[in-house]
Amino acid sequence: KTWQIGAIRSELQQSAEVAMKRIMRDLTFTTITSLKIDSGGKVIIFETSLDPVSGEFKYDDNNGAPVWQGYVLYYTTGSSNNQVLFRKYISRTDISKTASSFPMTFPFSTGAYCTKGSTLARNLNGINFQKSGPIITVRITYEKNINASARVSIMEGRSSKTGTERFEITSSVETKN
């Protein structure tokens, strides 16, 4: 039983670390002026200077300015205790704009684009994006009921919350561009 609990805890922590590292890397290479967070702090979109295929930072050889490639959108779907975090790349050419050396705020409502993203993490209880000056803070809360996945119940006769693993991971970053 202890091994099962440890395995579930380890799985959630690894998932959290992978998701957070990806989000922080993306946010590092954006600019605060292109960043847009929905009113509830659940959806974030920003322009990226990272090449979508190679992941390399793209810049103008003449002046060193970033060459903005497209937009990165993070959003969740699902029930309150079982949300899935998605990442979607939207090329500038998808909204009839070419790559350039100036950043742009996403020109449309993000809701229409919250489909068909790549799955980044599962078992989220919530996510929150906040902007304070040039600093962006991301808080991800995970929750998984161990009873539902364990072969043997933890403590029979206890509340339905018995055996729930829950934790939060928070990180902040200042954009470089």
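Computed from a predicted model, the values in this text were never measured in an experiment.

On to the overall build of the protein chain, then. Counting its secondary structure elements, the protein chain contains two helices and seven strands. Looking at the protein chain alone, contacts between residues at least 24 apart form 62% of all its contacts between residues at least 6 apart. Put simply, the protein chain shows about 9500 Å² of open surface, and 48% of that area lies on carbon and sulfur atoms.

Relative to strand β5 (residues 118-132), strand β4 (residues 82-91) runs antiparallel, the two sharing four bridges. Of the residues in β5, the one forming a bridge with Q83 is L124. Summarising the sheet, β5 and strand β6 (residues 135-145) pair through eight bridges and their orientation is antiparallel. The residue of β6 that forms the bridge with F129 is V138. Taken together, β5 and the strand that follows it, β6, pair antiparallel across an intervening segment of two residues, in which G133 is found at a positive phi of about 65°.

Once that is clear, we can look at the sheet that holds strand β2 (residues 44-48). The strand order across the open sheet built from seven strands is β1-β2-β3-β4-β5-β6-β7, with neighbouring strands paired in antiparallel fashion. Sheet topology places β1 (36-37) and β7 (164-174) at the edges, where each strand pairs with a single neighbour. Where β1 meets β2, two bridges bridge the pair, whose relative direction is antiparallel. Bridge pairing links I37 to I44 in β2.

Here the structure, examined in full by the defined rule, presents eight aromatic pairs. Seen from their ring centres, F106 and F108 are 6.3 Å apart, and the 85° between their planes marks the pair as edge-to-face. Ring centres 5.1 Å apart and planes at 80° place the aromatic pair F106 and Y113 in the edge-to-face group. Through successive ring pairs, a cluster of aromatic residues spans Y71, F106, F108 and Y113. Over the ring of F102 we find R92, and its NZ or CZ is 5.5 Å from the ring centre.

Quick look at the nonpolar core now. Counting residues in each nonpolar core, the largest one holds 26 residues, and the members touching the most others are I23, L27, Y74, L85, I140 and Y142. Those elements that place two or more of their residues in this core are α1 (2-28), β2, β3 (70-79), β5, β6 and β7. Here this core gets eight residues from one element, more than from any other, and that element is α1. If we skip the residues at most four places from it in the chain, I140 touches A19, M20, I23, L124, G126, I127, F167, E168 and I169. V43, Y71, L73 and I95 belong to the second-largest nonpolar core, a separate cluster that totals 13 residues.

Quick look at α1 now. The first and last C-alpha atoms of α1 sit 38 Å apart over 27 residues, in line with the 39 Å expected at 1.5 Å per residue. Looking at α1, one finds that the buried residues are Q4, I8, L12, A16, A19, M20, I23, M24, D26, L27 and T28.

Rules used throughout
- Residues numbered from 1 in each chain as written.
- Predicted model: local features only at pLDDT ≥ 70, side-chain atom pairs only at ≥ 80, totals over all residues.
- Heavy atoms only, no water.
- Helix = DSSP H or I, 4+ residues; strand = E, 2+ residues; numbered from the N terminus.
- Contact = heavy atoms within 4.5 Å.
- Areas by Shrake-Rupley, 256 points an atom, 1.4 Å probe, with all protein chains shown as cover.
- Pairing = 2+ DSSP bridges.
- Phe/Tyr/Trp six-rings, centres within 6.5 Å; stacked < 30°, edge-to-face > 60°.
- Lys NZ or Arg CZ within 6 Å of the ring centre and 35° of its normal.
- Core = buried A, V, L, I, M, F, W, Y, C linked by side-chain atoms within 4.5 Å.
- Buried < 20%, exposed > 50% of the residue type's maximum accessible area, 1.4 Å probe, protein only.
- Expected span 1.5 Å × (residues − 1).

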